[in-house]
Amino acid sequence: MASSYTPLFPQLNGLLHGGDYNPDQWLDRPDILEKDVELMKKAGINSVSLGIFAWSALEPEEGVYTFDWMDQTIDRLYQNGIYTILATPSGARPAWMDEKYPEVRRVLPTGKRNLHGGRHNHCITSPVYRQKVREMNTRLAQRYGQHPGVILWHISNEFGGACCCDLCRKKFQDWLRERYHNDIGQLNHAWWTGFWSHTFDSFDQIDPPMDQGEHSVLGMLLDWRRFTTANTADFIRNETEPLQQYAPSLPVTTNFMWLFGGLDYNEIAKEIDVISWDAYPRWHNEQPLYAVASETAFNHSLMRSFKRGQPFMLMESTPSKVNWMPYNKLKRPGLHELACLQAIASGSDTVQYFQFRMGRGSFEQFHGAVVDHTGRDDTRVFQEVSETGQTLKALSNLAGSVPSPRAAVIYDWDNRWAIEDMAGAAKQDKKYNETCIQHFRAMLRLGEDPDVISSTESFEGYDLIAAPMLYLLKPGVAQRLKDFTAAGGVVVTTWLTGYVDESTLAFLGGFPGDGLMELTGVEAAELDTLYPGQSNRIRWNGKEYPAAEFCELLTLRGAKAAGTYLEDFYAGQPAVTVHPYGKGMSVHIAARVEDDCLLDIYADIFKERHMGIKALPLGLEIHSRVDGEKRYRFYLNFSEGKVKLPSVPAKCRDMITGEEIPVGTVRELDCYGFLVTEEEL
Ligand code: GLA
Ligand code: ZN
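In this report, we go over the structure that sits alongside the text. (Residues numbered from 1 in each chain as written. Chains lettered and ligands numbered in written order. Predicted model: local features only at pLDDT ≥ 70, side-chain atom pairs only at ≥ 80, totals over all residues. Heavy atoms only, no water.)

**Topic: the coordination of the zinc ion (ligand 2)**
Ideal donor angles around a metal are set by the shape: a four-donor tetrahedron calls for 109.5 degrees, a six-donor octahedron for 90 or 180 degrees.
Then, number 1: Looking at the zinc ion (ligand 2), one finds its protein donor set to be C123 (SG), C163 (SG), C165 (SG) and C168 (SG), positioned 2.3 Å from the metal centre.
Then, number 2: Counting along the primary sequence, the residues that act as donors to the zinc ion (ligand 2) give the motif C-x39-C-x1-C-x2-C. Judged on exposure class, the residue C165 and its partner C168 are both buried. (Donors = N, O, S within 2.8 Å, 3.2 Å for Na, K, Ca; no water. Buried < 20%, exposed > 50% of the residue type's maximum accessible area, 1.4 Å probe, protein only.)

Okay, here's the thing in C-alpha cells:
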C-alpha cells in the first residue's frame, strides 16, 4: 500500500504523548491548573485532549458562551510546548438542553425516552441536537481553528448505540426506501418476509427492532444496524462540516472502541481523517498474558487497517487501572510501558491516556490517571508514565513509518452481525471474534503482524488472506478472493464460509456460494455443533489435535483432504483441505481447533510461501514498521519470564540505548522487556 511516511503531527517532531485533560472540572483551583503544566512537562507529555465533556462549561445557559477558560488553557499549554487536540462536546449534554428539548434524549428499545443523565445517549436524528452541535462546533472552529497549538479535532466521544424515537423510525423507513428503490416488493424479497406472514405493504409499517416488536426477520435486523451506522456517519458529517468550513487544514478523528459491535467502523472511518481508539485490555486476568496481548494487537491492527499506509492513534489507555470492570486490577510494574510500545509497534504514532488528572468526585473518581489524588510526581504510576515519555522521545524517528505485513485477516461487521443474529449452530458463542483473533495470533507467533481488513478492502500487497467464518459474502468478494488466489495468493477459510448473501438469504446450490466453491474445492454439506465439553479429533500432518464446538462435514469438489476427522460418524472424512487454484492455493479448516493446530497449519503455509520465521516463544511478539529508508523492529516480551530472541537478522541500532547490534546477535528479554531496533532497508 502506498504511504507517504508522513508523521501524523509534523508540529511535534516525533510521537505524541498525552491524554484527556479536564481543566473545566478544576476552574476554582488555579493553583492546580498551574501545577498541571509543570507535571505534564515532567512526564514528557506533549499534548492533551481537551473539552471532551465540556458542554456545560462552554455554554452554561442556552446561547451564553464561556470560552475564557478554554482560551487560557490552550494558550498556557502552547506556551509550554504542549499541543491541544480539541474535542467537540457532543458526547454529553447540559441539563438545560435535555429539559427544554426532550427530543434530544434517546428513546430506548423499550419505547421509553431517557431522562437526563449519563452520556453517549443523544438521539442521532434530532434536528434540534444537530443544530445545537452545529452551533457549538461553528464557534469552536471560528475561535480555535487557526490556533497554532491546536492540531486535531476530536469529534464527540465513543459514538455508539441507536435511538428508537419517531424521528429515527421515520428516518429508518426513508433509508429503506432508498435502499430498496422505493419498492416494498424488493424489501420483502430481501427480508424473506413471506415467512410467518410478515410481508409488509408499505415502508411506513416498519418499526425499529424494539423489545416488544420484530426480531425474527434477520434481514431487517441487519439493515437496522446498517442504518444506525449510516445515521451516525450522517451525524458526524453534521459535526465536521462547520469544522471544515472554518478550520480546513485541521484533521478530524473520533475515538473508536475495542471490537465495538454497534457500528460498522469501516463506514465511520470514511468520515474522519485519522483513526484513533481507546484500548483497555484486561491485563493480568485469568487468560495467559500472551493471549490478552495478541487480542490487543488484533485490535491495534484492525484500527490501523482502516487507513492503510497511515499511522493511527492510541487515543486512550489507562496508566494503571480502570474503574468500570468487575475487577479493576493494577498493571504490574513494567507492563504499562510494554503495552504502550505494542501500540507504537502496531503503527500508532501516539500514546494517550484517560486521563491526566484524577477527578475528585463522581463515577470516574478512582479511574487511573497520570496524576492521582496526591497531586504528586513521585508515585509509581507517574514514574512509569515519565519513563514511557522518555522512551517515546527516543523513538521520535519512527513517527510516520507504518507496518507493511504480507498477510491480512478479514474482519467484517456485516458478517459479524449476520452470524450473531443467525438462528442455528450455537445460540450464543459462535465465536466469530475469537476465531479471527485466533488466526491473527497464529500468524503473530510466526513473526507476521497481519492487517485486519474488511472483505471489500483491496487485497493488493498481501500474499496470504485468512477469511475465518466469512458466512456473509458481499457482492464481488468471492470473485476477488478467486482473483487474488489465481494470481498466487493463499486464502484460508473455515467452517461457516459463504452461507448467505448480503441480505442474509442462503445461497442456493451448496456452500460456499456465489462461486466460492470453485476456490475452496470443497462443499460444506452439513454443520455439526457439539455440546460444551464434547470434542472430536483431527489428524493433520501426522499429528492429532482436538476439534470442538463446530465441525463442518465436507464433500470434496476438487480439493485434497490434508487432515481428517478421527471420531464420530464422520471419522475418516476431510477436516482440513488444500486446493491449488491458479498460481495460488486455498486451505479450508472445517472445524474449530485450538491454537497449536492453527499454528502448525499456518507454519506449513508460511514455509511454503517463504514467509516469516519459525514459531516464536509464547508471549514474544515481533512487529515492524518501515518508512522507505529504515525498518524499525519491535521485540516485546508478553510472557511472565525471560525470553530468548531470534538472532537479529541485520546490523541494527538499539533505539533506546543507541548501541550498535551486529547481525546474528542473540539477545534475551526480561519479563515485560522490550527491544526496539533501527536498521537500513
Ligand atoms: C472511555 C471514555 C472515557 C473514559 C474511559 C474510562 O474510553 O472515552 O471518557 O470514560 O472510558 O476508561
Ligand atoms: Zn431518535
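**A look at the site of ligand 1**
Then, number 1: Residues in close proximity to ligand 1 include F53, R119, N157, E158, N255, D278, Y280, E316, W324, F354, E364 and H367, which together make up its full environment.
Then, number 2: E316 places a side-chain nitrogen or oxygen 2.5 Å from an oxygen atom of ligand 1.
Then, number 3: Side-chain polar atom of H367 to an oxygen atom of ligand 1: 2.6 Å apart, as the coordinates give it.
Then, number 4: Alone, ligand 1 offers 310 Å² of accessible surface; in the complex the protein occludes 97% of this.
Then, number 5: Considering only residue class, the shell around ligand 1 consists of 4 nonpolar, 3 polar and 5 charged. (Near = heavy atom within 4 Å. Polar contact = N/O pair within 3.5 Å; in protein donor to acceptor, adjacent residues only side chain to side chain. Areas by Shrake-Rupley, 256 points an atom, 1.4 Å probe, with all protein chains shown as cover. Nonpolar A, V, L, I, M, F, W, Y, C, P; charged D, E, K, R; others polar.)

**Focus on empty space enclosed by the protein**
Then, number 1: Counting across every chain of the model gives 6 cavities of 30 Å³ or more.
Then, number 2: The calculated volume of the largest cavity comes to roughly 110 Å³.
Then, number 3: Lining the largest cavity are 15 residues, and of these A279, P281, W283, S317 and A339 sit closest to its centre.
Then, number 4: Sorting the residues of the lining of the largest cavity by element identifies helix 10 (289–305) and helix 11 (335–345) as the ones contributing at least two each.
Then, number 5: Of the residues in the lining of the largest cavity, the class split is 8 nonpolar, 6 polar and 1 charged.
Then, number 6: If you add up the space inside the second largest cavity, you get close to 90 Å³.
Then, number 7: Lining the second largest cavity are Y290, A293, S294, R441, L444, R445, L618, G619, L620, E621 and F638.
Then, number 8: For the lining of the second largest cavity, the elements supplying multiple residues, two or more each, are helix 10, helix 14 (432–445) and strand 21 (620–626).
Then, number 9: The class makeup of the residues in the lining of the second largest cavity is 6 nonpolar, 2 polar and 3 charged. (1 Å grid on protein atoms, 1.4 Å probe; cavity = no way out; pocket = protein on both sides within 12 Å on 5 of 7 lines; lining within 4 Å. Points joined across faces, edges and corners; volume = space filled by probe spheres on them. Helix = DSSP H or I, 4+ residues; strand = E, 2+ residues; numbered from the N terminus.)

**With respect to the state of the cysteines**
Then, number 1: Summed over the entire model, instances satisfying the criterion amount to 0 disulfides.
Then, number 2: No disulfide involves C164; its sulfur sits 6.4 Å from that of C163, the nearest cysteine.
Then, number 3: Exposure remark for C164: the relative accessible area of 7% places this residue in the buried category.
Then, number 4: Between C340, a cysteine without a disulfide, and C671, which holds the nearest cysteine sulfur, the sulfur-to-sulfur distance is 16 Å. (Disulfide = S-S within 2.5 Å.)

**Re a nonpolar patch on the surface**
Then, number 1: On the surface, W192, F195 and W196 cluster together into a nonpolar patch covering about 410 Å² of accessible area.
Then, number 2: Residue position: W196 is located in the loop between helix 7 (184–191) and helix 8 (218–246).
Then, number 3: You can call W196 exposed: its relative accessible area is 59%. (Patch = residues over 30% accessible without salt bridge, like charges linked within 9 Å, V, L, I, M, F, W, Y side chains within 5 Å. Salt bridge = Lys/Arg side-chain N within 4 Å of Asp/Glu carboxyl O.)

**Topic: the environment of A425**
Then, number 1: Relative to the assigned elements, A425 resides in the loop between helix 13 (413–421) and helix 14.
Then, number 2: A residue is classified by how much of its surface remains accessible, and A425, at 34% relative accessible area, is partly exposed.
Then, number 3: Not counting residues within four places of it along the chain, the set of residues in contact with A425 comprises L527, T529 and F550. (Contact = heavy atoms within 4.5 Å.)

**Focus: the pairing of strand 4 (residues 150–154)**
Then, number 1: With 5 of 5 residues buried, strand 4 lies mostly within the body of the structure.
Then, number 2: Examined bridge by bridge, strand 3 (residues 83–87) and strand 4 share 4 bridges and lie parallel to one another. Looking across to strand 4, one finds that L86 is bridged to W153.
Then, number 3: Direction of pairing for strand 4 relative to strand 5 (residues 252–253): parallel, over a ladder of 2 bridges. The residue bridging H154 from the neighbouring strand is T253, located in strand 5. (Pairing = 2+ DSSP bridges.)

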